[in-house]
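Report on the structure
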Amino acid sequence: MSKPKYYISTAIAYTSSRPHIGNTYEIVLADSIARYKRMEGYDVYFQTGTDEHGQKIEEKANAAGITPKEYVDNVAKIVKANWDVMNTSYDKFIRTTDDYHEKQVQKIFKKLYEQGDIYKGHYEGMYCTPCESFFTESQLVDGKCPDCGGEVKPAKEEAYFFKMSKYADRLIDYINTHPDFIQPVSRKNEMMNNFLLPGLQDLCVSRTSFKWGIPVDFDPKHVVYVWLDALTNYITGIGYDADGNSTEQFNKLWPADLHLIGKDIIRFHTIYWPIFLMALDLPLPKQVFGHPWLLQGDGKMSKSKGNAVDPFDALEKYGADAIRWYFYINSAPWLPNRFHGKAVQEGQRKFMGTLWNTYAFFVLYANIDNFDATKYTLEYDKLPVMDKWILSKMNTMVKDVDYNLGNYRIPEAARVLQDFVDDLSNWYVRRSRERFWAKGMEQDKINAYMTLYTALVTVSKAAAPMIPFMTEEIYQNLVRSIDKDAPESIHLCDFPEVHEDQIDKELENNMEHVLDLVVMGRACRNASNIKNRQPIGKMFVKADFDLPEFYQEIVADELNVKNVKFTDDVRDFTSYSFKPQLKTVGPKYGKMLGAIKAALNDIDGNAAMDELNATGALKLDVNGQEIELFKEDLLIDTAQIEGYESVNDNGITVVLDTNLSPELLEEGFVREIISKIQTMRKEADFEVMDRIKVTYEGSEKAEAVFEKNNTLIAGEVLADEVVKAQPAGYVKEWKINGEAVTMGVEKKGE
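Nothing here was measured: the structure is a model prediction, and the numbers come from that model.

Considering the overall build of the chain
For the chain, the count of helices and strands is 25 helices and 27 strands. In terms of principal-axis extent, the alpha carbons of the chain reach across some 105 × 85 × 50 Å. Per-residue burial over the chain gives 55% buried out of 750 residues. Excluding contacts between residues fewer than 6 apart, the proportion of contacts in the chain whose partners are at least 24 apart in sequence is 76%. Of the roughly 33,700 Å² of accessible surface on the chain, 47% is carried by carbon and sulfur atoms. The chain carries 88 positive and 115 negative side-chain charges, and their two centres are separated by 4 Å.

Topic: the sheet that holds strand 17 (residues 561-566)
The strands making up a sheet are joined through hydrogen bonds of the backbone, oriented either antiparallel or parallel. The strand order across the open sheet built from four strands is 17-16-23-22, with neighbouring strands paired in mixed fashion. Unpaired on one side and paired on the other, strand 17 and strand 22 (644-649) mark the two borders of the sheet. On average, each strand axis in the sheet is inclined to that of its neighbour by 15°, with strand direction left out of account. Helix-sheet contacts for helix 19 (residues 549-559) involve strand 16 (536-542) and strand 17, and the interaxial angle to strand 17 is about 140°.

A word on the side chain of histidine 222
You can see histidine 222 is positioned in the loop between strand 10 (206-207) and strand 11 (223-224). A polar atom in the side chain of histidine 222 sits 2.9 Å from the side chain of serine 206. In this structure histidine 222 touches Lys120, Glu158, Ala159, Tyr160, Ser206, Arg207, Thr208, Ile214, Pro215 and Val216, once residues within four positions along its chain are discounted.

A short note on the packing of helix 14 (residues 385-406) against helix 15 (residues 410-437)
Running from N to C, helix 14 and helix 15 cross one another at 170°; their axes reach a closest spacing of 9 Å. Here helix 15 runs roughly antiparallel to helix 14, going by the angle between their axes.

What about the pairing of strand 27 (residues 739-747)?
Within a regular strand, the side chains alternate between the two sheet faces. Across seven bridges, strand 24 (residues 692-698) lies against strand 27 in antiparallel orientation. Bridging from a neighbouring strand, isoleucine 692 pairs with lysine 747 of strand 27. Where strand 26 (residues 730-736) meets strand 27, seven bridges bridge the pair, whose relative direction is antiparallel. In the sheet register, glutamate 733 faces strand 27, and the bridge partner there is threonine 742.

Some points on the sheet that holds strand 25 (residues 719-724)
Taken together, four strands build an open sheet; the order of strands is 25-24-27-26 and the sheet is mixed. Each edge of the open sheet is held by one strand with a lone partner, namely strand 25 and strand 26. Averaged over neighbouring strand pairs, the angle between their axes works out to 20° when direction is ignored. With five bridges joining them, strand 24 and strand 25 adopt parallel strand pairing. By the bridge assignment for strand 25, threonine 695 is matched with valine 723.

Some words on the nonpolar core
Ranked by internal contacts, the top residues of the largest apolar core, which has 125 residues, are Trp325, Phe362, Met397, Leu417, Leu478, Leu517 and Met539. Discounting chain neighbours no more than four positions away, the residues touching methionine 539 are Leu517, Val555, Leu559, Val561, Asn563, Val564, Lys565, Val654, Val655 and Leu656. Ranked by size, the runner-up nonpolar core spans 59 residues in total, among them Tyr45, Ile235, Ile238 and Met278.

Observations concerning the pairing of strand 20 (residues 625-630)
Here strand 19 (residues 617-622) runs beside strand 20; their pairing, made up of six bridges, is antiparallel. Bridge pairing in strand 20 places lysine 619 opposite glutamate 628. As consecutive antiparallel partners, strand 19 and strand 20 are separated by two residues, and within that stretch asparagine 623 has a phi angle of approximately 55°, a positive value.

Quick word on the environment of aspartate 402
Along the chain, aspartate 402 falls in helix 14. Non-local contacts of aspartate 402, meaning those with residues more than four positions away in its chain, are made with Tyr36, Glu40 and Phe495. Polar contacts involving the side chain of aspartate 402 include one to the side chain of tyrosine 36, which spans 2.4 Å.

Considerations on the confidence of the model for the chain
Per-chain confidence: the chain averages 92 in pLDDT, with 95% of residues scoring 70 or above. Low pLDDT, under 50, characterises residues 297-307; the predicted model gives this stretch 34 contacts beyond four residues in sequence or across chains.

Focus: the packing of aromatic side chains
Going through the model one piece at a time under the given rule, you end up with 38 aromatic pairs. Measuring from ring centre to ring centre gives 6.0 Å for phenylalanine 109 and phenylalanine 218, while their planes differ by 40°; the resulting arrangement is tilted. Taken as a pair, phenylalanine 109 in helix 4 (residues 99-114) and phenylalanine 218 in the loop between strand 10 and strand 11 lie far apart in primary sequence, 109 residues in all. A centroid spacing of 5.3 Å and a plane angle of 70° characterise the contact between phenylalanine 162 and phenylalanine 276, whose relative ring orientation is edge-to-face. With a gap of 114 residues between them, phenylalanine 162 in strand 7 (residues 153-162) and phenylalanine 276 in helix 10 (residues 266-279) connect regions that are remote in the sequence. Like phenylalanine 276, phenylalanine 162 is buried. Each member of the aromatic cluster is reached from another via a ring pair, and the members are Phe361, Phe362, Tyr365, Phe371, Tyr376, Phe436, Tyr449 and Tyr453. One Lys or Arg, lysine 37, reaches over the ring of tyrosine 42 and ends 4.7 Å from the middle of that ring.

A few points about the side chain of glutamine 104
Mapped onto the secondary structure, glutamine 104 falls in helix 4. Here the side chain of glutamine 104 touches aspartate 241 through a polar contact of 2.7 Å, side chain to side chain. Once you skip the residues sitting within four places of it in the chain, glutamine 104 turns out to touch Thr236, Tyr240, Asp241 and Ala242.

Points about the packing of helix 16 (residues 443-463) against helix 17 (residues 468-480)
Two elements in contact, helix 16 and helix 17, have axes separated by 9 Å at closest approach and are oriented at 145°. Once helix 16 is placed against helix 17, the crossing between them reads as left-handed. Contact with helix 16, carried on its side by Tyr453, Leu456, Val457, Ser460, Lys461 and Ala463, involves Thr471, Ile474, Tyr475, Leu478 and Val479 of helix 17 and no other residues of that element. Looking at the contact of helix 16 with helix 17, its residues break down into eight nonpolar, two polar and one charged.

Let's talk about the environment of aspartate 381
With respect to the secondary-structure elements, aspartate 381 resides in the loop between helix 13 (341-369) and helix 14. Owing to a relative accessible area of 73%, aspartate 381 belongs among the exposed residues under this scheme. It is 56 Å that separates the C-alpha atoms of aspartate 381 and methionine 191, two residues lying 190 residues apart in sequence.

Definitions and limits used
Residues numbered from 1 in each chain as written. Predicted model: local features only at pLDDT ≥ 70, side-chain atom pairs only at ≥ 80, totals over all residues. Heavy atoms only, no water. Helix = DSSP H or I, 4+ residues; strand = E, 2+ residues; numbered from the N terminus. Buried < 20%, exposed > 50% of the residue type's maximum accessible area, 1.4 Å probe, protein only. Contact = heavy atoms within 4.5 Å. Areas by Shrake-Rupley, 256 points an atom, 1.4 Å probe, with all protein chains shown as cover. Lys, Arg positive; Asp, Glu negative; His and termini not counted. Charge placed at Lys NZ, Arg CZ, Asp CG, Glu CD. Pairing = 2+ DSSP bridges. Axes fitted to C-alpha atoms, helices over the stretch in contact; angles between N-to-C directions. Polar contact = N/O pair within 3.5 Å; in protein donor to acceptor, adjacent residues only side chain to side chain. Parallel < 35°, antiparallel > 145°, perpendicular 65-115°, else oblique. Core = buried A, V, L, I, M, F, W, Y, C linked by side-chain atoms within 4.5 Å. pLDDT = per-residue confidence, 0-100. Phe/Tyr/Trp six-rings, centres within 6.5 Å; stacked < 30°, edge-to-face > 60°. Lys NZ or Arg CZ within 6 Å of the ring centre and 35° of its normal. Left-handed = near helix turned anticlockwise from the far one by under 90°. Nonpolar A, V, L, I, M, F, W, Y, C, P; charged D, E, K, R; others polar.

So this is what it looks like as structure tokens:
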């Protein structure tokens, strides 16, 4: 069965000067969609290129002392090189100076003239050279060009005009009956309200004041207006012929499925271009998507403004994948985007760095164990809860990324990927890493390896349309190195399949509750200045949910708490204090504000919170008058009771018992010792599986703790011996819980 076609195009880059990073923004957005569609099984055709005619180019070439053709050849070469180093997978790079394009533009112009859509006249108006556009006085913004904000000058010349009004009603009807034609909706409303509904003037489609353009073949003192020239690239590049001899490729690909263009040129693509197509009796593209400008500090990034970032400089500093990821994650396509290096580095750290570190963790232990994923299968029924959870999250991720990319919701897709990689690294791997340390290759260790392997390969495929370099490297090492029958490239793979039977929303929700409780518990620890290595006796939770024992054990383990108890009443450990929200209470009650504040100070905090949660409001008697306050009228704080630390958020209250017994303090001391030895192992550059000997000297209390917990410490740090002796090997002095300790670590056998 033949694949369905998908034709996507970008606007073609104007060659008046070197490209900037903002030009790159558009093509990498388009490239992610093209790559995704290929993985979805579409026969994709992706066209981009350069717009190479116009007065501005002629002026730049004259100033440089070269011909316009030499000038655009130089710039086009740079543009193409930029697209290539960004690893964009375009199929066609069209130049408007290509011979076949120029011939077709002449044919199109003549055809439109002969059928009465173009006529000869004179034009007088305000002309913007950078935009190659005429404007009326009423269209100007503070005397400036409404598109670029640049200078406009009076101009009058003989010209050919296109009868725009002839097709205006037809276009309005088309837009109204095809709601997806212009996206996002804000762009559609702008075009309708600002241009179409007020009425279209006839459009100037030729010029005589400069020569660098495609000559009108039947009136060669005229050159074709640059937008009629540029816009037709979308059909000439795929084989359109105005005489009716279009190629098989054109008949297959047109109409385009998506034109992805900047919001500043959406008027040309959603008004001029559709009307030209109607006049040529051709169908309109299925969708025109107007993305925002890329901003840098002082507004739109523009060559003429001098605030453009050179893409090659940015590439050398950050790398192609990092820049691509920044474009995807940083904002929605309908909102302006700001390019700055710190944001690029932050995206690199949060997503790419986390993915790479998780991959490196797998490779490290897989190499130690000579693990080969082709020799095992992922047996779902044998998996523990943690594995089933990450596989559920993985399939949910694939489903959401698929939906978002399919609807051009690129930032949403990027955030789903980033959130999953965070869960994979900072929750699944962190909680499962001891399974990889186990000796031999028991079933639990196989489960851990196969689950992490599956997750890494799947997320790499899902992210491949966005970060093609890194995902290719991961794929080649994890898949191709052990399976020569696998597709040669990740970009030749199908998009991952969703296994609905592995999606368990109850499991995901329970784990989400666990994560919420852990975050709140850590906040309690931080507020009480108790390190996570110090065990705590009890944790109380008041919430509208309960958790099975398995999940409670995870919470206890993460927070180093001996016991987690769910309760309906935490009054013995916490209360609440209330203050009026001045910006809402002040306008309502004015002079009563002081009395309201005093009344709130005197109320029972727990009873007031119960009333507020039950009824949505808190009623007070203030000087004989009933006052009703809602949640938005109140500033609510958790009031702490000595010996307990509590946090309340979204209807959940977490309380930690911060009273530490001697036994708990000793256990905390042991955990600190273990942490310090692990740090010394790393500093001494020992291998992960190296067996060691630990020697120590210290205060009387420290030595007593060592002696009592010798076996536990040895097991945690892979030590064959933990002995009181002159510290040897790699030696370091420490202060642990105020006690002086000197320790030495050395490899066994050295």
